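Here are the chains, one letter per residue:
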Amino acid sequence: MKRWLPNPALTLLLALLWLLLANTWSFGQLLLALFLGWAIPLLANGFLVPVPAVRRPLCLLRFVGRVVGDIVMANLHVAKLVLGPKNRLHPAFVEVPMDIGDEFVLAVLTSIVSLTPGTVSAGLSPDRRVLLLHVLDAPNPDEIVEQVKTRYEAPLLEIFECSRM
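Under an unreviewed UniProt entry, the name given to the chain is Cation:proton antiporter, and the source organism is Stutzerimonas balearica DSM 6083. Of the chain, the UniProt comment under Sequence similarities (unreviewed entry) reads exactly: "Belongs to the CPA3 antiporters (TC 2.A.63) subunit E family." Quoted straight from UniProt, the Subcellular location (unreviewed entry) entry for the chain says "Cell membrane".

Next comes the structure, spelled out in structure tokens:
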């Protein structure tokens, strides 16, 4: 069964997304949605990274709320910086040592950092132990490292059953 239907949840999600994008629930669209929902995970199975189990679902909900709040606050901070005098900007590249050993959780962390205005994941060392960030306003790079590790990395390690480096 796993060979022909490698990811049933993804199949249903893709089929539902297709129906929402097509904006019709006709029989033909339903068949096409089910076919695409089945074929895409089957063809992409070798490229998908395994997702670790969620160990603490309530922590995950709190974490999502924190990330959304951080995105809103960062938008306000970046707007204030951009609209203000240019001499207040302190852009810098910051190297953050990583404790995350799982590829999926590391991808989640880099995505969160890039979603937050004012920061972009610029690179990852070949051994995946150092994340390079570009920060729009980094008067104290050590504070940025501490913030990423405590606000994002530590909760992700707590939420997911994944290995540390």
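Still to come is the rest of the account.
Chemist: Describe the pairing of strand β2 (residues 119–124), with residues and values.
Modeler: Pairing between β2 and strand β3 (residues 130–135): five bridges, direction antiparallel. The residue bridging serine 121 from the neighbouring strand is leucine 133, located in β3. Linking β2 back to β3 in an antiparallel pair, the connection comprises five residues, with arginine 128 at a positive phi of about 60 degrees.

Chemist: Got a sec to walk through the packing of helix α1 (residues 8–22) against helix α2 (residues 27–44)? Specific residues and values, please.
Modeler: Interaxial distance between α1 and α2 falls to 8 Å at its minimum, and their mutual angle equals 140 degrees. Taken together, α1 and α2 sit at an angle that is classed as oblique. By crossing handedness, the relation of α1 to α2 is classed as right-handed. Only Gln29, Leu30, Leu32, Ala33, Leu34, Leu36, Gly37, Trp38, Ile40 and Pro41 of α2 make contact with α1, whose side of the interface consists of Leu10, Thr11, Leu14, Ala15, Trp18, Leu19 and Ala22. Broken down by class, the residue content of the contact of α1 with α2 amounts to 14 nonpolar, three polar and no charged.

Chemist: Could you give an account of the nonpolar core, with specific residues and numbers?
Modeler: Residues Phe63, Val94, Val96, Leu109 and Leu133 are the most contacted members of the largest nonpolar core, which totals 26 residues. Of all the secondary structure elements, the ones that give two or more residues to this core are α3 (57–83), β1 (92–97), α4 (103–115), β3 and α5 (141–159). Examining the composition of this core, we find that seven residues originate from one element, α5, more than from any other. Not counting residues within four places of it along the chain, the set of residues in contact with leucine 109 comprises Met98, Ile100, Leu131, Val148, Tyr152, Glu153 and Leu156.

The rules behind each value
- Residues numbered from 1 in each chain as written.
- Predicted model: local features only at pLDDT ≥ 70, side-chain atom pairs only at ≥ 80, totals over all residues.
- Heavy atoms only, no water.
- UniProt positions renumbered as here; feature names shortened; annotations may be inferred.
- Pairing = 2+ DSSP bridges.
- Helix = DSSP H or I, 4+ residues; strand = E, 2+ residues; numbered from the N terminus.
- Axes fitted to C-alpha atoms, helices over the stretch in contact; angles between N-to-C directions.
- Parallel < 35°, antiparallel > 145°, perpendicular 65-115°, else oblique.
- Left-handed = near helix turned anticlockwise from the far one by under 90°.
- Contact = heavy atoms within 4.5 Å.
- Nonpolar A, V, L, I, M, F, W, Y, C, P; charged D, E, K, R; others polar.
- Core = buried A, V, L, I, M, F, W, Y, C linked by side-chain atoms within 4.5 Å.
- Buried < 20%, exposed > 50% of the residue type's maximum accessible area, 1.4 Å probe, protein only.

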